[in-house]
Amino acid sequence: MQKKSSGKTSIFKTLGPGFLLAGAAIGVSHLVQATRAGADYGFLLIWVLIIACITKYPFLEFGPRYAAGTGNHLITGYKKLGKLPYWTFIIITIGGMFIVEAAVTIVTAGLAERLFGMGWSTFTWSFVIIGFCIALLLIGKYPALDKTMKAIVSLLGLATLTAVILAFGEGRLETAMAVETPDVWNKVGIAFIISFMGWMPIPLDASVWHSIWTKEKALSNKRSTSLKEAFFDFNIGYLAAAVIGLLFFLMGALIMFGSGIGFSGNGVEFSGQLVDLYGKTLGDWSKPIVAVAALIAMLSTTLAVTDAIPRVISEIFAEEKPQWTKEQKWKNYRLNVFIIPILSLLILYFFTASFTVLIDFATALSFLSAPVLAWFNYKLVTSDQMKIEDRPGKKYRIFSIICLGVLILFNLAYITTWFI
């Protein structure tokens, strides 16, 4: 029987899953979407970033809460809720996992070539990056992932903060404030707001990833995680993701807004434009700082996704085969760590021409499923599966319902844009 521990030492020892969540969050949503929001609209859309982080907070927090309170991850909870929640989650996961893996890897590969200039193709870099992630996950297992992500997120935060401070130091705030803000209340602007909010700071299915990482951390520590520990860890990671999202937003507003340049929708090209503009504005010496921040942002996401998706698939198989031993589950995870990234890159290779269509499908599926997963998570943490003392309080439940209402309204707004 695992012991329940307490105290400051144990709380800091359980830090990890929150950093993994931050690493998974800080990718396209931050590097491209948040930066682009600032680049295209200046400081006008900062409220979207804030609302997105607030409304998703409770439903993402319910993941580690459930894991700490029950010792299980959310997939087990969905199955106990019934076939509809369980199979809905499986369909959402399978519908987007290959596309998400391919998308984050290809952007990371492009940024790596831009930074190091080795003359390698995007696919060569993709295999190198995937190989690094697989080796780390299989050799070091969860403890290596835990330590690596803490270092990556910390370094990313420092690099991005440095870049923003440089921009403020050059008096860019006054310049950005003097530029006339464009109209956002049109079809293009509303569509961007919905897209920006949908991926900031991370899609809600990441709550399942976090619940699995929380359980893995408990197994790694050889003791169960208390609700206090899980809450502290989640808040550290979520705050990191939100603050770094704000920093990327400021990078776009301070350096790119009002530059008169048309920005690319391609993640790699857009990041290159950001790096180049920093060089022109502050000097070439600033380019490496921004380039490193951009690469680390995408590497953290690639590493987290390369671990999370195979873990989810392995846990789904384990739910169907309760007789599996720990070794059998690990064997299935190892197989998935190889198969999913390779299939993702093959899909990218053969469907390059229609890849944007695939990404649009995956993002739409993720965004439209957000209120559904939010409701499932709410049902779980307020059900008899949780001890009364571990369930959200009355005020928190009211806050959660309000957040759910906001997510539904934004979904309706997103659907409305199809018919405008």
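Residues numbered from 1 in each chain as written. Predicted model: local features only at pLDDT ≥ 70, side-chain atom pairs only at ≥ 80, totals over all residues. Heavy atoms only, no water.

**Here's the deal with the confidence of the model for the chain**
Right, on to step 1. Per-chain confidence: the chain averages 85 in pLDDT, with 93% of residues scoring 70 or above.
Right, on to step 2. Counted against residues more than four places away or in other chains, residues 1-7, with its pLDDT under 50, gives 15 contacts. (pLDDT = per-residue confidence, 0-100. Contact = heavy atoms within 4.5 Å.)

**With respect to the packing of helix α4 (residues 46-70) against helix α9 (residues 187-198)**
Right, on to step 1. Direction vectors running N to C along α4 and α9 enclose 40°, while the axes themselves pass 9 Å from each other. As the angle between them shows, α4 and α9 are arranged oblique. Here α4 runs over α9; the crossing is right-handed. Between α4 and α9, the residues in contact are Trp47, Val48, Leu49, Ile51, Ala52, Thr55 and Lys56 and Ile193, Phe196, Met197 and Gly198, respectively.
Right, on to step 2. Across the contact of α4 with α9, the residue classes tally to 8 nonpolar, 2 polar and 1 charged. (Axes fitted to C-alpha atoms, helices over the stretch in contact; angles between N-to-C directions. Helix = DSSP H or I, 4+ residues; strand = E, 2+ residues; numbered from the N terminus. Parallel < 35°, antiparallel > 145°, perpendicular 65-115°, else oblique. Left-handed = near helix turned anticlockwise from the far one by under 90°. Nonpolar A, V, L, I, M, F, W, Y, C, P; charged D, E, K, R; others polar.)

**Thoughts on a positive patch on the surface**
Right, on to step 1. Side chains of Lys141, Lys222, Lys326, Lys331 and Arg334 sit close together on the surface and give a patch of like positive charge.
Right, on to step 2. A per-element tally of the positive patch places helix α14 (residues 326-350) first, with 3 residues.
Right, on to step 3. Following the sequence through the fold, Lys141 ends up in helix α7 (residues 122-169).
Right, on to step 4. With relative accessibility at 41%, the residue Lys141 sits in the partly exposed group. (Patch = residues over 30% accessible without salt bridge, like charges linked within 9 Å, V, L, I, M, F, W, Y side chains within 5 Å. Areas by Shrake-Rupley, 256 points an atom, 1.4 Å probe, with all protein chains shown as cover. Salt bridge = Lys/Arg side-chain N within 4 Å of Asp/Glu carboxyl O. Lys, Arg positive; Asp, Glu negative; His and termini not counted. Charge placed at Lys NZ, Arg CZ, Asp CG, Glu CD. Buried < 20%, exposed > 50% of the residue type's maximum accessible area, 1.4 Å probe, protein only.)

**What to know about α4**
One turn of the α-helix equals 3.6 residues, which is why residues spaced by three or four share an orientation.
Right, on to step 1. Between its first and last C-alpha, α4 extends 37 Å over 25 residues, near the 36 Å set by a 1.5 Å rise per residue.
Right, on to step 2. Taking the largest bend as the criterion, α4 deviates by roughly 45°, centred on Tyr57, and proline Pro58 comes between one and four positions later.
Right, on to step 3. The element α4 is largely enclosed, with a buried count of 19 among its 25 residues.
Right, on to step 4. Positive phi appears at Gly71, one or two residues downstream of α4, with a value of about 85°. (Expected span 1.5 Å × (residues − 1). Bend = angle between axes of the 7 residues up to and from the residue.)

**Regarding a nonpolar patch on the surface**
Right, on to step 1. Nonpolar side chains collect at one region of the surface, where Leu335, Phe338, Ile339, Ile342, Leu343, Leu346, Tyr349, Phe350 and Phe351 lie side by side and expose about 870 Å² of accessible area between them.
Right, on to step 2. Note on placement: Leu335 falls in helix α14.
Right, on to step 3. Taking relative accessible area as the criterion, Leu335 reaches 47% and is therefore assigned partly exposed.

**Re empty space enclosed by the protein**
Right, on to step 1. Within the structure shown, the criterion is met by 3 cavities of 30 Å³ or more.
Right, on to step 2. Considering the residues around the largest cavity, the lining is formed by Lys56, Met197, Gly198, Pro203, Leu204, Ser366, Phe367, Ala370 and Leu407.
Right, on to step 3. Secondary-structure elements contributing two or more residues to the lining of the largest cavity are α9 and α15 (355-381).
Right, on to step 4. Its residues assigned to classes, the lining of the largest cavity comprises 6 nonpolar, 2 polar and 1 charged. (1 Å grid on protein atoms, 1.4 Å probe; cavity = no way out; pocket = protein on both sides within 12 Å on 5 of 7 lines; lining within 4 Å. Points joined across faces, edges and corners; volume = space filled by probe spheres on them.)

**What to know about the layout of surface pockets**
Right, on to step 1. As a volume, the second largest pocket reaches approximately 490 Å³.
Right, on to step 2. Contributing to the lining of the second largest pocket are 15 residues, with Glu216, Leu219, Arg311, Lys326 and Trp330 lying nearest its centre.
Right, on to step 3. Put simply, the parts of the chain that give the lining of the second largest pocket at least two residues each are α7, α10 (206-221), α13 (287-320) and α14.
Right, on to step 4. Here the lining of the second largest pocket gets 5 residues from one element, more than from any other, and that element is α14.
Right, on to step 5. Residue composition of the lining of the second largest pocket, grouped by class: 5 nonpolar, 2 polar and 8 charged.

**Side note on the side chain of His210**
Right, on to step 1. In this structure, His210 sits in helix α10.
Right, on to step 2. When near neighbours in sequence (up to four residues on either side) are disregarded, His210 contacts Pro17, Gly18, Leu21, Pro64, Asp233 and Phe234.

**A short note on the pattern of salt bridges**
Right, on to step 1. Going through the model one piece at a time under the given rule, you end up with 11 salt bridges.
Right, on to step 2. A salt bridge links Asp40 to Arg36; the nearest nitrogen and oxygen atoms lie 3.2 Å apart. Of this pair, Asp40 and Arg36 both sit in helix α3 (residues 28-41), 4 residues apart, roughly one helical turn.
Right, on to step 3. The exposure class assigned to Asp40 is partly exposed, which follows from its relative accessible area of 24%.

**Focus on the environment of Thr302**
Right, on to step 1. Relative to the helices and strands, Thr302 resides in helix α13.
Right, on to step 2. With 194 residues separating them in the primary sequence, Thr302 and Thr108 have C-alpha atoms 7.5 Å apart.
Right, on to step 3. When residues no more than four places from it in sequence are discounted, the contact partners of Thr302 are Val104, Thr105, Thr108, Ile129, Ile130 and Cys133.

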